[in-house]
Amino acid sequence: MDFSDTKEEAVFRAEARGWLEANAERRQGFETWTGRYGETDGLKRAKDFQARKAAAGFAAITWPVEYGGRGLAPISQVIWSQEEARFFVPRGFFEIGLGMCIPTLMAYGTEADKKRYVPKALAGEEIWCQLFSEPAAGSDLAGLRTRSVKSGDTWTINGQKIWTSGAHFCDWGVIVTRSDPKVPKHKGLTYFFLDMHSPGIEVRRIKQISGGSNFNEVYFTDVQVPDAQRLGRVGEGWGVSITTLMNERLAVGDVRGPDFEELFTLAKSLELEDGPAIRDAAVRERLADWYVKSQGLKYTRFRTMTALSRGQTPGPENSIGKLVTASKLQDVASFAMDLLDMGGAVLDPAVAPLRAAFQEALLYSPGSRIAGGSDEILRNIIAERVLGLPADVRVDKEVPFDELPTGRESPRAHR
Ligand SMILES: Cc1cc2nc3c(=O)[nH]c(=O)nc-3n(C[C@H](O)[C@H](O)[C@H](O)COP(=O)(O)OP(=O)(O)OC[C@H]3O[C@@H](n4cnc5c(N)ncnc54)[C@H](O)[C@@H]3O)c2cc1C
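So, a few notes on the structure that sits alongside this text. (Residues numbered from 1 in each chain as written. Predicted model: local features only at pLDDT ≥ 70, side-chain atom pairs only at ≥ 80, totals over all residues. Heavy atoms only, no water.)

1. Description of the side chain of Thr104
Thinking step 1. One can find Thr104 in helix α5 (residues 95–108).
Thinking step 2. Taking the relative accessible area as the measure of exposure, Thr104 reaches 0% and is therefore buried.
Thinking step 3. For Thr104, the side chain forms a polar contact with the side chain of Thr244, separated by 3.0 Å. (Helix = DSSP H or I, 4+ residues; strand = E, 2+ residues; numbered from the N terminus. Buried < 20%, exposed > 50% of the residue type's maximum accessible area, 1.4 Å probe, protein only. Polar contact = N/O pair within 3.5 Å; in protein donor to acceptor, adjacent residues only side chain to side chain.)

Laid out in structure tokens, this is it:
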């Protein structure tokens, strides 16, 4: 396929670049938004940027025009992302809401829901989070235990979620709950959206190794949710969750951080004991490996772009991108630390090479290998759906949820 822009694509690219030039500054190194502006001011500035981006028609390029989108083909979104990556813009605040929660609301919500929630989310006025994972339900999401019980037109929710990115600044959340424990685990789930300021919701921040605190534990005690905020039918929440997760798989392929180019630049500038790092045979060998991986990823991404430009949906092979990128990021960061020797301990962006991008990447890259599907889960997807290998063994699929062993029973119960 020819990867040069068509005439229409070139016009869109020029428009996108022009708007970004006028509204954002060019990216210099790997500075983060909250690193520069702090949490409170950073959120305020991010909302302001998002409002302008939405007003200019760049916040929802592929969405239907009636919901504030432009109705363009997905390839235009790829072009926008390529252009935006060159600029210093807020990242992460709106991705879960616009990338996963709102597309689910669009698929399952009423017309009134869409009119009420979509424009405010697009303009960054209201931010959304995803309340899926629990202490004992991550990869095996259908094993979740947060309960929902209906009485009249209201549901009462009790339980705990964890790793909820952004819950501390979000206004709305999507949540999957167990409404019927008497049927097999995938069948007794019901999905809602809810106001994060509801009485009974307690958000506790989790401190990360990087010093940041981007995700949370969220506790629910008798939280009341109107039945009108249910998405999908009672007991069919698994299907609704799959819609959210399919959108997540598309969103998370894009793991950002220092790559081959940055490592190459570092190796050229560093002096080791016996000369420049770039002349060292072991360093050159590792660089060659990552160059090959980067090229492989580039061509895999081209396959996705080809599918998008032909109006097709990228398939499960998209999982390869995330699997390879996330572990490569961790390897590259860890090798850069070796090269930097004692300098690796310097976290101050003002003095560390590349504004401490390798140090930061070393701390957040393990999370990238877990979020949006761990390495093992992605390998399972690739094995089953790309290579057609036999499926993982799932012995609990047909057993009523409340009959599954929890490990809390007496040892006798397992015999
Ligand atoms: C940065 C970050 C942000 C996140 N944000 C959110 C969020 O906003 N909302 C939300 O709901 N969740 C969020 N999560 C949680 C994330 O979805 C889960 O951490 C992930 O699904 C893995 O679940 P777990 O942590 O319970 O690990 P587990 O599922 O307990 O896995 C533990 C280990 O066992 C392996 N494993 C599990 N099952 C299998 C299997 N069948 N075959 C082989 N190996 C297996 C896993 O690969 C892993 O190595 C976030 C996580 C991170 C790291």
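2. Comments concerning the pattern of salt bridges
Thinking step 1. Throughout the structure, instances matching the rule amount to 25 salt bridges.
Thinking step 2. A salt bridge links Glu83 to Arg17, with the shortest nitrogen-to-oxygen separation between them at 2.6 Å. A residue pair is termed long-range when its members are at least 10 positions apart, and Glu83 in helix α4 (residues 74–84) and Arg17 in helix α1 (residues 7–23) qualify at 66 residues.
Thinking step 3. Across the pair Glu202 and Arg204 runs a salt bridge whose closest N-O atoms are separated by 2.8 Å.
Thinking step 4. Among the residues examined, Glu202 registers a relative accessible area of 38% and is labelled partly exposed.
Thinking step 5. When its relative accessible area of 37% is taken as the criterion, Arg204 is described as partly exposed. (Salt bridge = Lys/Arg side-chain N within 4 Å of Asp/Glu carboxyl O.)

3. Digging into the state of the cysteines
Thinking step 1. Applying the stated criterion across every chain yields a total of zero disulfides.
Thinking step 2. The closest cysteine sulfur to the non-disulfide-bonded Cys129 is located on Cys170, 4.2 Å from its own sulfur.
Thinking step 3. Under the relative-accessibility criterion, Cys129 is labelled buried at 0%.
Thinking step 4. With a relative accessible area of 3%, Cys170 lands in the buried category. (Disulfide = S-S within 2.5 Å.)

4. Points about the site of the ligand
Thinking step 1. Near the ligand, the surroundings consist of 18 residues, among which Ser133, Ser139, Trp163, Ser374 and Glu376 are the closest.
Thinking step 2. Here Asp392 contributes a side-chain N or O atom positioned 3.1 Å from a nitrogen atom of the ligand.
Thinking step 3. If the ligand stood free it would expose 980 Å²; the protein chains cover 64% of that surface.
Thinking step 4. Counting residues per element, the ones that place at least two in the shell around the ligand are β5 (154–165) and α12 (375–386). (Near = heavy atom within 4 Å. Areas by Shrake-Rupley, 256 points an atom, 1.4 Å probe, with all protein chains shown as cover.)

It is worth stressing that arrangement in space is one thing and function is another; only the former is reported here.
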